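Listed below are the residues making up each chain.
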Amino acid sequence: MKDLNLLLRKNIQDLEPYSCARNEYSGKGAKVFLDANENPYNSPINRYPDPLQKDIKEKISRLKRVHPECIFLGNGSDEAIDLVYRCFCEPRIDNVVAIEPTYGMYKVCADINDVEYRKVLLDENFQLSANHILNSCDEHTKVVWLCSPNNPTGNELDRGEVEKILQEFEGIVVVDEAYSDFSHVQPLRLELHKHPNLIVLNTFSKAWGCAGLRLGMAFAYPEIIEAFNKVKYPYNVNILTQERIRQQLDNHWDVDKWVSILLMERENMVEAFKLLHSCKKVYPTDANFFLAKMENADVIYQYLKDNGIIVRNRSNVTLCEECLRITVGSKSENAELLSVLRKYDEQNDNK
Ligand SMILES: *Cc1c(COP(=O)(O)O)cnc(C)c1O
């Protein structure tokens with residue numbers, strides 16, 4: 001890996017971050033706070049939140065087995081994705097390399113930050129080749145984007161290839177593990193100590209059932225986390241989110257329960273899909289969704305919509321032609337989807 005100072009943008013290295021009132025005072029035991037021009041009424045939301053979210057990081061640290069200094073918390077993982085560009089990529093000069101197809105926000109944030117986004121196509125099994133990725137990099141490539149289990153394909157990326165990229169690429173490698181709670185593969189975040197150029201993304205939006213709270217995590221060496229903390233908005237995680245996530249972290253057994261139910265439901269759904277005449281193929285999945293190749297995906301998508309069921313139409317995505325991405329829902333939601341699809345099958349069998 002290159003020295004971090006060669007990877008960070010010069011303006012970010014030199015940045016003198018905003019020093020907020022709650023940052024300057026860090027000790028405990030004070031009882032009168034007249035430093036931040038807050039209103040003394042309307043407790044508890046009259047106070048600014050902890051800018052570095054220290055106590056929830058402690059809890060997350062124990063659960064995720066990552067040191068608190070290696071944790072960044074943001075307004076969804078989307079904030080961390082944007083920060084990667086703002087910290088590392090000089091607009092119109094630097095570029096990033098990403099697998100394709102993958103999660104759409106990596107490209108949207110590249111476009112917003114005016115950074116060239118290079119796509120490297122996965123193979124027909126949705127696997128990556130480290131050599132293809134590395135061959136697409138040049139001296140201006142700052143970041144490689146990987147997502148495992150990948151969205152929208154659902155599969156884990158080959159760990160050997162990911163490790164080869166981590167070893168041989170000189171810049172930052174982001175591995176988005178938004179769905180790792182649903183996978184049997186050991187998460188890469190547990191190997192953070194071996195990889196100073198690795199940033200792992202996690203989120204509370206999927207297995208944790210907290211998409212509405214907007215809380216995402218990035219795990220990386222403390223030097224990278226410090227850069228993120230300098231650039232982020234000072235109070236990026238609001239007090240209600242911090243409060244609510246604290247409760248959720250104390251009830252973390254719920255997550256294990258939900259995950260095991262969803263995995264069972266996923267297996268039932270996959271088996272049922274394979275029996276549908278309108279379904280040509282179900283791709284292997286390690287996430288809480290699966291990709292199904294359909295006979296005429298656009299028509300089925302519309303039919304489902306007319307019946308009040310929304311799935312994700314991915315048929316315009318490279319390598320996902322005729323594919324719908326199906327999120328595993330509750331038992332009754334899944335049953336409803338299957339019954340509408342069976343009705344569709346019947347109508348079409350008669351044609
Ligand atoms: C859903 C998802 C996220 C979550 O984003 P949040 O902003 O945390 O809600 C991140 N990455 C991928 C690949 C996803 O599919």
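What you see is a predicted model, and the numbers here were worked out from it, not measured in a lab.

What am I meant to see in the overall build of the protein here?
A tally of helices and strands in the protein yields 13 helices and eleven strands. Computed over its C-alpha atoms, the radius of gyration of the protein comes to 22 Å, within 12% of the 20 Å expected for a compact globule of 351 residues. Viewed in the frame of its principal axes, the protein has a C-alpha envelope of about 75 × 50 × 30 Å. Looking at the protein residue by residue over its 351 residues, the buried ones come to 51%. Contacts in the protein between residues far apart in sequence, at least 24 positions, make up 70% of those at least 6 positions apart. In the form shown here, the protein has an accessible surface area of approximately 17,200 Å², with 50% of it arising from carbon and sulfur atoms. Separation between the mean location of the 43 positive side-chain charges and that of the 53 negative ones in the protein comes to 4 Å.

Help me out: how do you make sense of the site of the ligand in this one?
The environment of the ligand is made up of 14 residues, and the closest members are Asp176, Tyr179, Thr203, Lys206 and Arg214. Backbone polar atom of Ser77 to an oxygen atom of the ligand: 2.7 Å apart, as the coordinates give it. Isolated, the ligand exposes 390 Å² of accessible area, and the fraction of that covered by the protein chains is 93%. Within the shell around the ligand, the residues separate by chemical class into five nonpolar, five polar and four charged.

Just checking my understanding: could you explain the packing of helix α5 (residues 77-88) against helix α9 (residues 222-231) for this structure?
A pair of packed helices is captured by two measures, namely the crossing angle of their axes and the spacing between those axes. Taken N-terminus to C-terminus, the directions of α5 and α9 make an angle of 95°; their axes are 10 Å apart at the nearest point. Regarding the angle of α5 to α9, the classification is roughly perpendicular. Together, Ala80, Leu83, Val84, Arg86, Cys87 and Phe88 of α5 and Ile224, Ala227, Phe228 and Val231 of α9 make up the contact between the two elements. Residue composition of the contact of α5 with α9, by class: nine nonpolar, no polar and one charged.

Even after reading the chapter, I still don't get unusual backbone geometry, so can you show me in this structure?
Keep in mind that most residues, glycine aside, have a negative phi and that most peptide bonds are trans. Omega for the bond connecting Ser43 with Pro44 falls within 30 degrees of zero, at 5°, which places this linkage in the cis form. Looking at the element boundaries, Pro44 is found in the loop between α3 (21-24) and α4 (54-64). For the bond from Glu100 to Pro101, the omega torsion is 0°, close enough to zero to count as cis. Phi is positive for Phe126, which is not a glycine, with a value near 60°. Tracing the sequence through the fold places Phe126 in the loop between β3 (116-121) and α7 (130-135). In this structure Phe126 comes out as buried when scored by relative accessible area, which is 3%.

Please clarify how the pairing of strand β6 (residues 198-203) should be interpreted in this entry.
Regular strands place their side chains on alternate faces of the sheet. The element β6 is largely enclosed, with a buried count of six among its six residues. A two-sided burial pattern is seen for β6, the buried positions comprising Leu198, Val200 and Asn202 on one face and Ile199, Leu201 and Thr203 on the other. Here four bridges tie strand β5 (residues 172-176) to β6, and the two strands are oriented parallel to one another. What sits directly across from Val175, in β6, is Val200.

When you look at the state of the cysteines in this model, what are you seeing that I'm missing?
One covalent bond between the sulfur atoms of two cysteine residues makes up a disulfide. Inspection of every chain in the model, using the stated rule, returns zero disulfides. Between Cys279, a free cysteine, and Cys323, which holds the nearest cysteine sulfur, the sulfur-to-sulfur gap is 9.0 Å. With a relative accessible area of 9%, Cys279 lands in the buried category.

Sorry, what's going on with the nonpolar core here?
In globular proteins that are soluble, nonpolar side chains generally tend to be buried together. Leu146, Ile165 and Phe204 are the most contacted members of the largest nonpolar core, which totals 52 residues. Setting aside anything within four residues of it in sequence, one finds Phe204 in contact with Ile60, Gly209, Cys210, Ala211, Leu215, Met217, Ile245 and Leu249. Among the nonpolar cores identified, the runner-up in size contains 34 residues, and Leu83, Tyr85, Ala110 and Trp145 belong to it.

Basis of the calculations
- Residues numbered from 1 in each chain as written.
- Predicted model: local features only at pLDDT ≥ 70, side-chain atom pairs only at ≥ 80, totals over all residues.
- Heavy atoms only, no water.
- Helix = DSSP H or I, 4+ residues; strand = E, 2+ residues; numbered from the N terminus.
- Rg over C-alpha atoms; globule rule 2.2 N^0.38 Å.
- Buried < 20%, exposed > 50% of the residue type's maximum accessible area, 1.4 Å probe, protein only.
- Contact = heavy atoms within 4.5 Å.
- Areas by Shrake-Rupley, 256 points an atom, 1.4 Å probe, with all protein chains shown as cover.
- Lys, Arg positive; Asp, Glu negative; His and termini not counted.
- Charge placed at Lys NZ, Arg CZ, Asp CG, Glu CD.
- Near = heavy atom within 4 Å.
- Polar contact = N/O pair within 3.5 Å; in protein donor to acceptor, adjacent residues only side chain to side chain.
- Nonpolar A, V, L, I, M, F, W, Y, C, P; charged D, E, K, R; others polar.
- Axes fitted to C-alpha atoms, helices over the stretch in contact; angles between N-to-C directions.
- Parallel < 35°, antiparallel > 145°, perpendicular 65-115°, else oblique.
- Pairing = 2+ DSSP bridges.
- Disulfide = S-S within 2.5 Å.
- Core = buried A, V, L, I, M, F, W, Y, C linked by side-chain atoms within 4.5 Å.

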